[in-house]
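# Remarks on the overall topology
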Amino acid sequence: MDFEDAPEEAAFRAEVREFLSAHARPKAGDETDWSRNGAATDPEVAADYRRRCHEWQRTLYDNGWAGIAWPKMFGGRGGNAAQQIIFNQELAKFDATSGFLNAAQALVGPTLMAHGTREQQARYLGPLLSGEESWCQLFSEPEAGSDLASLGTRAVLDEATGDWVVNGQKVWNSSAQHADFGILICRTDPTVPKHDGITYFVVDMRTPGIEVRPLVQAQGVAHFNEVFLTDVRVPVANVVGDIDRG
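The numbering scheme is per chain: residues are counted from 1 as the chain's sequence reads. A pLDDT threshold of at least 70 governs which residues receive local features in this predicted model, and a stricter bar of 80 or more applies before side-chain atom pairs are shown or counted, although totals over entire chains, interfaces and linings include all residues. Here the side-chain values reflect all heavy atoms present in the structure, with hydrogen atoms and water set aside.

## What to know about the environment of Leu101
- Every helix listed is a DSSP run of H or I at least four residues long, and every strand listed is a run of E at least two residues long, numbered separately from the N terminus. The topology assignment puts Leu101 in helix α4 (residues 100-115).
- Leu101 sits 30 residues away from Gly131 along the chain, and the two C-alpha atoms are 6.8 Å apart.

Written out as structure tokens, the structure is:
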């Protein structure tokens, strides 16, 4: 198997190296590297890490390097998976990272591009890609991990207002304590087979009724959280895709 770059890949790699050399410094491999602080227990260090992650993502966005494989119509570079791999290989040599912002983009971006309304795409994709806004995933529950048949969080339509009213609990929600928005799945029709009747929502994490409780790990850092939702109102405009077909 040939692992050498094709000519066009080599040219792309050279362009990546030029950009990274101009905007980041090579890793020193010691405590001076800020990008190693994703598991920092010092609150000030952790806050500085998150700030730098957002700044780095903005640098990528402003220079046309965010969303390498995203379509141009959604603000990306319009490249391919091979180019993204090359970029990640070169970035690993430098003291720069977008942290959990990358995971959120991978979770949220493709879903909104495929199933979101034009209004949702226009509202959310740009700030997601630039790092201006951060997201978390609200899928798993104490009794429902990857098994959606056990999903217990309910959303009921308030026909008087058109809002969905959500009650339930989520868990293992990475970076939920810092997120602006969450992607939320709820049971909206309990009368159908349990893998059906589920709806996908975008939820503003500042909505009244949302309580985030960090889960502190053994080393003292809280990557994960419990999220409690009590009479949380979600506008019908925040439904992604079809109701009951999340």
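## Some details on the pattern of salt bridges
- The salt bridge definition used is simple: a Lys or Arg side-chain nitrogen within 4 Å of an Asp or Glu carboxyl oxygen. Counted according to the given criterion, the structure contains 18 salt bridges.
- Between Arg51 and Glu55 there is a salt bridge, and its shortest N-O distance comes to 2.7 Å. With Arg51 and Glu55 both in helix α2 (residues 43-62), this residue pair falls 4 residues apart, about one helical turn.
- Each member of the salt-bridge network shares a partner with another, and the members are Asp5, Arg13, Arg17, Glu90 and Lys93.

## Details of the pairing of strand β4 (residues 181-187)
- Buried residues are those whose accessible area, probed at 1.4 Å on protein chains only, stays under 20% of the maximum for their type, while exposed residues exceed 50% and partly exposed ones sit between those limits. Extensive coverage of β4 is indicated by the burial of 7 of its 7 residues.
- Neither face of β4 is open: one carries Phe181, Ile183, Ile185 and Arg187, the other Gly182, Leu184 and Cys186, and all of them are buried.
- Should DSSP find at least two bridges between two strands, the strands are regarded as paired. Bridge count between strand β1 (residues 135-138) and β4: 4 bridges; the pairing is parallel. Bridge pairing in β4 links Cys136 to Gly182.
- For β4 and strand β5 (residues 198-204), the ladder comprises 7 bridges, and the chain directions are antiparallel. Of the residues in β5, the one forming a bridge with Leu184 is Phe201.

## Considering the packing of aromatic side chains
- Any two rings among Phe, Tyr and Trp, with Trp reduced to its six-membered ring, count as a pair given centres within 6.5 Å; such a pair is stacked if its planes are under 30 degrees apart, edge-to-face if over 60, and tilted if neither. Going through the model one piece at a time under the given rule, you end up with 11 aromatic pairs.
- Measuring from ring centre to ring centre gives 6.2 Å for Phe139 and Tyr200, while their planes differ by 75°; the resulting arrangement is edge-to-face. Of this pair, Phe139 sits in the loop between β1 and β2 (154-158) while Tyr200 sits in strand β5, placing them 61 residues apart in sequence.
- Residue class for Phe139 comes out partly exposed when judged on its relative accessible area of 23%.
- For Tyr200, a relative accessible area of 8% puts it in the buried group.
- Pairwise contacts between aromatic rings join Phe12, Phe19, Trp56, Trp65 and Phe87 into one cluster.
- Across from the ring centre of Trp65, 3.8 Å away, lies the NZ or CZ of Arg77, which sits over that ring.
- Placement of a charge over a ring requires the Lys NZ or Arg CZ to be within 6 Å of the ring centre, with the centre-to-atom vector within 35 degrees of the ring normal. The ring of Phe228 carries Arg213 above its face, with NZ or CZ at 4.0 Å from the centroid.

## Quick notes on the side chain of Gln57
- Residue placement: Gln57 occurs in helix α2.
- Excluding residues within four positions of it along the chain, Gln57 makes contact with Ala66, Ser98, Leu101, Asn102, Gln105, Leu129, Ser130 and Gly131. Any two residues whose heavy atoms approach within 4.5 Å are treated as being in contact.

## Notes on the layout of surface pockets
- The computed volume of the largest pocket comes to approximately 560 Å³.
- The method works on a 1 Å grid over the protein atoms by themselves. A cavity is a set of points holding a 1.4 Å probe that cannot get out, a pocket is an open set with protein on both sides within 12 Å along at least five of seven lines, and residues with an atom within 4 Å of a point line them. Taken together, 26 residues make up the lining of the largest pocket; nearest its centre are Gly38, Arg50, Ser175, His178 and His223.
- Every element with two or more residues in the lining of the largest pocket is listed here: α2 and α4.
- Ranked by residue count, the leading element in the lining of the largest pocket is α2, at 6 residues.
- The classification used treats Ala, Val, Leu, Ile, Met, Phe, Trp, Tyr, Cys and Pro as nonpolar, Asp, Glu, Lys and Arg as charged, and all other residues, Gly among them, as polar. Split into classes, the residues belonging to the lining of the largest pocket amount to 11 nonpolar, 13 polar and 2 charged.
- Grid points are joined across faces, edges and corners, and a volume is the space filled by probe spheres set on the points. Approximately 310 Å³ is the volume attributed to the second largest pocket.
- Together, 17 residues line the second largest pocket, and Gly67, Ile68, Gln84, Asn102 and Gln105 are the ones closest to its centre.
- For the lining of the second largest pocket, the elements supplying multiple residues, two or more each, are α2, α3 (81-91) and α4.

## Remarks on the environment of Pro71
- In this fold, Pro71 is placed in the loop between α2 and α3.
- Pro71 gets classed as partly exposed once you look at its relative accessible area, which sits at 34%.
- Sequence separation between Pro71 and Ala10 is 61 residues, and the spatial gap between their C-alpha atoms is 22 Å.
- Residues within four places of Pro71 in sequence aside, it is in contact with Gly76, Gly78 and Met113.

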